[in-house]
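As a plain string of letters, each chain reads:
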Amino acid sequence: MPRWGDDDEGGWDPEDEVDEAPGDDEDVTTPCPYCRRPIYDDAERCPACGSYLSREDEPYRKPWWLLVGVAACLYAVYRWVVRF
């Protein structure tokens with residue numbers, strides 16, 4: 001009686017294995033545009049310097065002059081209401 005793997009039909013052959021590991025293409029790195037240290041291609045931020053790599057990943061921050069303008073308008077309205 002033949003054992004499993006003795007025949008050439010459907011048996012496992014160690015020579016058929018691929019030498020690459022399955023995650024090798026994910027480990028590709030490129031230099032950070034700010035500090036030039038290697039980072040992964042799919043990273044949103046550089047782990048070394050903390051810079052965001054694209055504008056889309058960067059959190060939205062309101063400009064400081066907008067907040068000062070709103071505060072000044074609210075103060076003007078408050079002073080106008082208190083006056084009358």
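Conventions adopted
Per-chain numbering applies: the sequence of each chain, read as written, is numbered from 1 onward. Only residues with pLDDT of 70 or above have their local features reported here, since the model is predicted, and side-chain atom pairs are shown and tallied only from 80 upward, although totals for entire chains, interfaces and linings are computed over all residues. For side-chain calculations, the full set of non-hydrogen atoms in the structure is used, while hydrogens and water are omitted. Per the convention used, a helix needs a DSSP run of H or I reaching at least four residues, while a strand needs a run of E reaching at least two, with both numbered from the N terminus. Residues count as neighbours in contact if any of their non-hydrogen atoms are within 4.5 Å of one another. The accessible surface values rely on the Shrake-Rupley method and a 1.4 Å probe; as for residues, cover is taken only from the protein chains in view. In this analysis, rings of Phe, Tyr and Trp, with Trp reduced to its six-membered ring, are considered paired at centre separations within 6.5 Å, and the interplanar angle assigns stacked below 30 degrees, edge-to-face beyond 60, and tilted for intermediate values. Counted as over-ring charges are cases with an Arg CZ or a Lys NZ within 6 Å of the ring centre that also lie within 35 degrees of the ring normal.

Undergrad: Sorry if this is basic, but what is going on with the overall build of the protein here?
TA: Along its length, the protein carries 1 helix and 2 strands. N-terminal to C-terminal, the α/β element order of the protein is β-β-α. Partitioning the contacts of the protein with sequence separation of at least 6, the portion at a separation of at least 24 is 0%. A total accessible area of about 8300 Å² is found for the protein, and carbon and sulfur atoms account for 55% of it.

Undergrad: What exactly am I supposed to notice about the packing of aromatic side chains here?
TA: The way to describe two aromatic rings as a pair is by their centre distance and the angle between their planes. A full pass over the atoms with the stated rule returns 0 aromatic pairs. Just above the ring of Tyr52 sits the side chain of Arg45; from NZ or CZ to the centre is 4.6 Å.

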